[in-house]
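A structural walkthrough
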Amino acid sequence: MRYAARLEDATNLSAWPSEGCVDLKASTDFYLARGIFADSEPDYLGDKEEYDEEDGDEEDGGLGDNISIISKARDLQIREKDDVVLPCETEGDNIQIIWLKDKTILFTDMIRSGKDKRYERLDNGSLKISKVTAEDTGNYTCQIAIQSKPSITHQLKVLIAPRIVNWNHGLKKTLNKGESLSLSCSATGYPQPSISWSRKQGRRMPNGEETIDGDSVTFEDVSRKHGGVYECLATNNVGDPATSSVEVEIKYAPEIEIEKAIVNSGEGSDAELVCEVHADPRPKVGWFKDGVAIAHTPDKFKISHAGSKHLLTIINTQKSDFGNYTCHANNSMGRVDKVVRLSGEPSPARYISGEELENGQKLNWLVESHSPVSKFTLKYRNRKGGNWMEVHPPVENPEGNLYSVEQNLELTPGEYEAILLSENTYGWSDPSIPHLFNYTMLEPGKRKKLKAAGGGGILLLEEQVEETSGAPSSVLSMHLGYNMTVKSSCSLGVESDACLRDIEKYKEDFQAGAPWALRMFDSATKMPSGILDGNVLQMGNYDECLSVQGPPPVSSDDSSFTGLFCRVKITELTLPELKTLHSLRDLNRTHVLQYMHLPLLHYLEKSQGGDVRDLSLQWAACAPSTCGAEGLETVAEYNLNLLLAEIGGSVQVEAVQKSCFAIGDGSDEFDPAAWGLVGLASFICLLVVLSSAYDYYTSSKGVKPANRVLLAFSAQKNLTELFYIPDDLPSGILPCLNGIRVLSLCWVLLGHRYHVQTDMANINALQIPKVANVPINMIMLNAYLSVETFFLLSGLLVAYTNCIRANKGQSFNLIQYYVNRYVRLTVPLALLVYFLATMSDKVVRGPLMDLYIDSDAQVCRDNWWATLLYVNNYVNNLAVCGGQTWYLTVDMQLALLAPIIIFPLIKWPKPTMYVISFLTLASVAAAFATTYINELFWTNPFGPGGLNFWLYLYSNTPMRAAPFLVGMGLGYILSNKSLVQKMRLTTWQVYVGWVLNTALCLAVVFTLAIAYQDGYEYDKLEAAFYGSLHRLGWSLGIAWVIFACTAGYGGEKFCQYQYGL
């Protein structure tokens, strides 16, 4: 029969394609051509043989009716290297089975189509795959070779255990502190593995989590806390997880943590001072007292360490041993000192417990003192404006070194705070942490017991009111929706009924979770981190506060309102285990002073005439705009006390009224003066348009302008001249000045950018002085030298231009000189002053407006005349309109005095040059004396002390005259070509000149680093020498550069770079 013939033909190996995997389409075409998969239509076979329908039904159709596959299709997941059997059991006789993987034939009946011996056709028709691999994943089809082609398809997925690939970190990775750490890891497997990162030895990840999910992790600004062994873990629940690890080593300068900043001891006792030092590379650690290194002596000083803890044990302490001890550590990355004070005074008292009585409060404290206590002083007051009261608890016999202190206070209901001080033969202890408590007059027969929470702070955490039987009746506690427990509420003392209603509405809606109230709360400052590191100025979210829209009025008594933004001063902030802070000044003079690195402590202690910056804590607050400063204080205290109550803290605030702003409050409305400036600007714009139009008309028509004045405001003409770069400069021009101007201006911008930032909101303000410890930063800290360059250029051009004119036979016109100078500078300066006085506080708004823009605007309104008359460095010189105008004033004053030198310099140059030299030395001597007598810093200080430096030296014209005079002398030399020719230098003299000049300039810039190093003790003689000579040295250095470039001794291409124009 035809079917049997075709089947026999198909099983003939010589009729098959060559051995190997065969494309399904090609194979199917092959089978069709051979007649195996023939359809009922003859045309599909490609021939014209006609089949008898009856014949076909008899043979093909009858056979297919008795053949079927009884196995069911399966989805199988098999682990790698396991064996799997794909079933294909059939019913019927003489059945021929074909197995395919996806589109590739594996078996035709029992005939293998490939070389892979792992595939095995079983007698029952099933397919066995041994030791499956990832490549075996796919669809496997069992098909019976008959016309109806019955088949089943199994889906096989091979489960692959994870494998980590592309690991390029090696076994160890080393970084320096402050750099970024990036780790990445990828893995293969099925299912696709998930990747997580962790640290070994039970350490959490730097962000505090046990693990971080994801292929990569990145940490910016790494510190020692980022070190450790990081492990990448890939898992997919198949086999064992895959891991790779890398040890991350962070190189960093020593960091010291003091266990106790003040160690209290007594004569005859042993005292132990502890500092914990972390560093990599391993540091050298030593102890010092009064600058003298302490050596290990078994009978007096025992120095030891256990791991990172370094101990100094002082045996048999004597009175002479009391004082400050310095723990010093250094390695190749840097050095650091921390101070521990050994004191014989009592330790600060520790609050233990209290009991509220019918007529007052009982307080219990614990004091440690190694010497007999002679007196206790308990101070207390009502926190709502009461005066401090004092009582003296009796001194009881101690138990060892511990004194128990108990005192009953007769009180009226209210909120109170109390502190305890102790005195022994060595003096008074530091005040205890303030204990804050509420007293409510109890009913007769009842009492309230209070227990200390943590180490102190507000004790409103748990208040149990007891009957005389002792059964607790209530616990003060109210919970907000976000699991914050409110322990107290503040009383309202505000200035209007509308404000009172809106505050109450705010409190209600806040607890109910209303979006507007949450935004008002969210825009204000919360308890920030880093207060002890100088994070004292928090600006909140200014725009969010102003955008708050209160709820719509529901009655005629209600009012609509927006957000009112103000900064508030934290007048009192109490935290557990911390003194009550009124400002960072408190910190500077107590704990922080012992370990902060300020190279200018000399000035901080003296306060330099009040020059120490306002270090008060200032945070942002937001309240309804219907309130004023008093209402805002209420809202601010309410918000902050909600947060602080959980940790036993409290806060009192005072609004900075000048900082308050709300949309529509009228503070940004234009007054007549502001509209006058708008009119003036509009008029100037109109002149520009008209002049530009006239310029275009005349140039396009080829018409000569009727008058050049008509083109004075032409945008085309002025922009063309502004950006014109000539190929050749006229004779008499000093092209090297162009490059020097540009470089000096860039230096001015760099220095001011960093100095201005020190007065802004910084989260680590107390770390700013550490910038000065790095010598390379003198480039920023000594950027004031760029001003000396401009003074020198000013003096040079004044002398050079007038001497050149004299050489050409032109006389010196004094009146023209003065008028030219004044008008050229004063017109643009007047526009700037006008803008600062009238518009600057209208067009810009922000959280620090009152500190910068508003204050400057008021200064310009008051002192505009002093600026325009160029006397603002002597008249109201603490209130200068436009801080940068001091330079214009000093420069103008020097220029106005310059004719005293110019006239004789033209007529009698040689003796006048001696006079210039004498005046230069006189200016240097005056600066020396001023620095020495007033104990000023070496230069304009990076930190406190700047006020006196400004008054006595920085803005004082005679003190700044030396560079200007050097410039005048240089100007005369350059104007006299014959003199320049006489000063001709040999090649070796030029080389020596450049080397010495470079050394001089570098020494001037970087010698200042000495004064900023840790441990440097201020010496007014050293300060006077540097303060008086560094300006002269820098001026001489720049003078050499200008002379050398002009005379052809090198540097011409760099200094004369044409784009410097």
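So, here's what we can say about the structure. (Residues numbered from 1 in each chain as written. Predicted model: local features only at pLDDT ≥ 70, side-chain atom pairs only at ≥ 80, totals over all residues. Heavy atoms only, no water.)

1. Considering the packing of helix α14 (residues 785-807) against helix α19 (residues 899-907)
Test applied: Note on method: axes are straight lines fitted to C-alpha atoms, helices fitted across the in-contact stretch only, with angles between N-to-C directions ranging 0 to 180 degrees. Here a helix means four or more residues in a row that DSSP labels H or I, a strand means two or more in a row labelled E, and each is numbered from the N terminus. An angle below 35 degrees is treated as roughly parallel, one above 145 as roughly antiparallel, one from 65 to 115 as roughly perpendicular, and anything else as oblique. Left-handed describes a crossing in which the near helix is turned anticlockwise from the far one by less than a right angle; the clockwise case is right-handed. Whether two residues touch is decided by their heavy atoms; if any such pair falls within 4.5 Å, the residues are in contact. Here the nonpolar group is Ala, Val, Leu, Ile, Met, Phe, Trp, Tyr, Cys and Pro; Asp, Glu, Lys and Arg are the charged ones; every other residue, Gly included, is treated as polar.
Here α14 crosses α19 at 40 degrees, and the two axes come no closer than 10 Å. In terms of their interaxial angle, α14 and α19 are classed as oblique. You can see that α14 and α19 cross each other, and the crossing is right-handed. Seen from α14, the contacting residues are V798, A799, N802, C803 and A806; seen from α19, they are I902, L905 and I906. Residue composition of the contact of α14 with α19, by class: seven nonpolar, one polar and no charged.

2. Considerations on the environment of P348
Using the following cut-off: With a 1.4 Å probe rolled over the protein chains alone, any residue whose accessible area is under 20% of its type maximum counts as buried; one over 50% counts as exposed, and the rest are partly exposed.
Note that P348 resides in the loop between β27 (334-343) and β28 (350-356). The partly exposed category is assigned to P348, whose relative accessible area is 41%. Once residues lying within four places of it in the same chain are set aside, the contact partners of P348 are N264, D430, P431 and S432.

3. Observations regarding the packing of aromatic side chains
The test is simple: Only the six-membered ring of Trp is used, alongside the rings of Phe and Tyr, when aromatic pairs are assigned; centres must lie within 6.5 Å, and planes under 30 degrees apart are stacked while those over 60 apart are edge-to-face, with the rest tilted. By the criterion adopted, a ring carries a charge over it if an Arg CZ or a Lys NZ lies within 6 Å of its centre and within 35 degrees of its normal.
Using the criterion set out here, one finds 30 aromatic pairs in the structure. Geometrically, the ring pair formed by W886 and Y887 is edge-to-face, given 6.2 Å between the ring centres and 85 degrees between the ring planes. In this structure an aromatic cluster arises from ring pairing among Y506, F510, W516, F521, F561 and Y638. For K289, the ring lying beneath its charged end belongs to Y325, and the centroid distance is 5.6 Å.

4. Observations regarding helix α4 (residues 497-512)
Quick reminder of the rule: What a helix should span is 1.5 Å times the count of its residues minus one.
Along its 16 residues, α4 runs 22 Å from first to last C-alpha, staying within 8% of the 22 Å computed at 1.5 Å per residue. For α4, the complete set of buried residues consists of C499, D502, I503, Y506, K507, D509 and F510. If you follow the buried residues of α4, they end up packed against α5 (515-523), β43 (618-624) and α9 (629-644). One or two residues past the end of α4 sits G513, with phi positive at roughly 85 degrees.

5. A short note on the state of the cysteines
Put simply, the rule is: When two cysteine sulfur atoms are found within 2.5 Å, that pair is recorded as a disulfide.
The tally for this structure, following the rule as stated, stands at seven disulfides. Across a sulfur-sulfur distance of 2.1 Å, C185 and C232 are joined as a disulfide pair. Since a negative S-S torsion denotes a left-handed disulfide, the C185-C232 link at about -75 degrees is left-handed. Here C185, found in the loop between β13 (181-184) and β14 (186-190), pairs with C232, found in strand β18 (residues 228-235); they are 47 residues apart in sequence, far enough to count as distant. Taken as a pair, C185 and C232 share a single burial class, namely buried. One disulfide in the model links C545 with C622; its S-S distance is 2.1 Å. Between C545 and C622, the S-S dihedral sits near 90 degrees, and the bridge is therefore right-handed. Residue C545 is found in helix α6 (residues 542-546), and its partner C622 is found in strand β43; the two are separated by 77 residues along the sequence.

6. Topic: the nonpolar core
Heads up, the rule is: By nonpolar core we mean a set of buried residues, namely Ala, Val, Leu, Ile, Met, Phe, Trp, Tyr and Cys, connected to one another through side-chain atoms within 4.5 Å.
Among the nonpolar cores identified, the biggest contains 79 residues, and I1042 and F1043 are the most heavily contacted of them. When residues of this core are assigned to their parent elements, the largest contribution, 13 residues, is made by helix α26 (residues 1020-1047). Those residues in contact with I1042 that lie beyond four places of it in its chain are C736, L737, I740, L792, L793, L796, L970 and L974. One finds L546, V548, L640 and V651 within the second-largest nonpolar core, a separate group that totals 41 residues.

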